[in-house]
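# Understanding the architecture of this molecule
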Amino acid sequence: MIVNTCGFIDAAVAESLDAIGEALAENGKVVVTGCLGVKNELIRKNHPAVLAVTGPHDTPAVMNAVHAHLPRPHDPYTDLAPVRLTPPHYAYLKISEGCNHRCSFCIIPSMRGDLVSRPIGEVMQEAERLVSSGVKELLVISQDTSAYGVDVKYRTGFVHGKPTKTRMKELCDELGDLGVWIRLHYVYPYPHVDDVIPLMAEGKILPYLDVPFQHASPRILRLMKRPASAEKVLERIRGWRSICPDIAIRSTFIVGFPGETDSDFSQLLDFLEEARLDRVGCFEYSPVEGAAANALPDPVSDEIKAFRKEKFMKVQEKISARKLKSRIGKTIRVLVDEPGVGRSSADAPEIDGLVYFEKSSGIEAGHFAGVRIERADQHDLFGRIA
Ligand code: SF4
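Figured I'd write up the structure that's included with this text. (Residues numbered from 1 in each chain as written. Predicted model: local features only at pLDDT ≥ 70, side-chain atom pairs only at ≥ 80, totals over all residues. Heavy atoms only, no water.)

### Quick notes on the sheet that holds strand β17 (residues 368–376)
- The strand order around the closed barrel formed by five strands is β14-β15-β16-β18-β17, and the pairing between neighbours is mixed.
- Where strand β15 (residues 341–343) meets strand β16 (residues 355–356), two bridges bridge the pair, whose relative direction is antiparallel. In the sheet register, glycine 342 faces β16, and the bridge partner there is valine 355. (Pairing = 2+ DSSP bridges. Helix = DSSP H or I, 4+ residues; strand = E, 2+ residues; numbered from the N terminus.)

Structure representation (structure tokens):
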């Protein structure tokens, strides 16, 4: 079993270590990959039985470890096929590595360095290869998708011989021509992001934006050294919705950051009420070894962090339930993940909600279906094949 881990913040480290433990209990043979892979000692201290620990984005090392422990007969056809670690119908498309920001709670830039964008021609070749192998949904990822091409000054590359700038808008335009779902993750609310919203309204790419806001108090955002300020964010969200009313916005937030006062937290709740985001994740702040935020004064106690997280999630659950309820009676298109379970354009795999429908429909994973929604809770939708 391969466990993909995250070392972004300590909550994610703990979750990753738990996942490794569960995988060992279930399977006994575990290879660890992903960001936490750089902390080999920590993993081995907690789980000495893992077979191998590899770093992030090191598919060859993962496969070497798999083959070392699970030898297989040589097959001249499949041995040359590219290896993916996701189900056959969706795939992650990494467009750049590293990050030029220096958020005070994050150590990713020190682990992976500054932004390095992949040439647009190379990204498109990989995307086309994935689509021709049967992928129906491409999830565009990076540390900052909106910064794509900044490091190469939006250099002109070539896609099928056509000069094309290494820039988010052009990339989305090209990906949108592939005829599969294109979903954007880790986008910051910079002004140029507005350029891709019309592509969502036209149906070229999914009306979905994953924007990690992290907080809404300008003071806390400054302490976090976040790349975007909160002031214009609500205005920007209103603008996006006026162009593409169906847009689903997902975000993550951190509560209990050092120095966060009751007033900062109230500003965050006010923002949540006003922004009415579709999907939201919330983490309690925990210091990560090597992060600049560790030196900040006024830590928030664990009790207050837990209280704020609970309150935050209660507010968001009401918003989410209201939004999902508004979909009752509508027929929505889903990509089926397994019999009886699919995802709409508003749901990224693993992190968002699901759409349940009758298993007896016989529609298999990787197919699209129309589901008429009959019921909703705070996270998921329930209906029948239309
Ligand atoms: S934008 Fe901030 S949180 Fe995201 S990878 Fe860069 S430094 Fe880390």
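Having put the structure on the table, let's press on.
### Comments concerning the pattern of salt bridges
- Following the criterion strictly, the structure yields 23 salt bridges and no others.
- Put simply, lysine 162 and glutamate 174 hold a salt bridge, and the shortest N to O gap is 2.6 Å. In this pair, lysine 162 sits in strand β9 (residues 162–165) while glutamate 174 sits in helix α6 (residues 168–176), placing the two residues twelve residues apart along the sequence.
- A relative accessible area of 12% means that glutamate 174 is categorised as buried.
- Between glutamate 274 and arginine 238 there is a salt bridge, with its nearest N and O atoms 3.8 Å apart. Taken together, the positions of glutamate 274 in helix α10 (residues 262–275) and arginine 238 in helix α9 (residues 233–243) put the pair 36 residues apart, joining distant regions of the chain.
- Looking at glutamate 274, the relative accessible area reads 47%, which means it is partly exposed. (Salt bridge = Lys/Arg side-chain N within 4 Å of Asp/Glu carboxyl O. Buried < 20%, exposed > 50% of the residue type's maximum accessible area, 1.4 Å probe, protein only.)

### Side note on the site of the ligand
- Surveying the vicinity of the ligand reveals ten residues, the closest of which are Cys99, Cys103, Cys106, Gln143 and Tyr188.
- Looking at side-chain class alone, the shell around the ligand contains seven nonpolar, two polar and one charged residues. (Near = heavy atom within 4 Å. Nonpolar A, V, L, I, M, F, W, Y, C, P; charged D, E, K, R; others polar.)

### Remarks on the packing of α9 against α10
- Where α9 meets α10, the closest approach of the two axes is 11 Å, and the angle between their N-to-C directions is 10 degrees. Taken together, the axes of α9 and α10 are roughly parallel relative to one another. Note on packing geometry: the crossing formed by α9 with α10 is right-handed. Mapping the contact onto sequence places Val233, Leu234, Ile237, Arg238 and Arg241 in α9 and Phe271, Glu274 and Ala275 in α10. (Axes fitted to C-alpha atoms, helices over the stretch in contact; angles between N-to-C directions. Parallel < 35°, antiparallel > 145°, perpendicular 65-115°, else oblique. Left-handed = near helix turned anticlockwise from the far one by under 90°. Contact = heavy atoms within 4.5 Å.)

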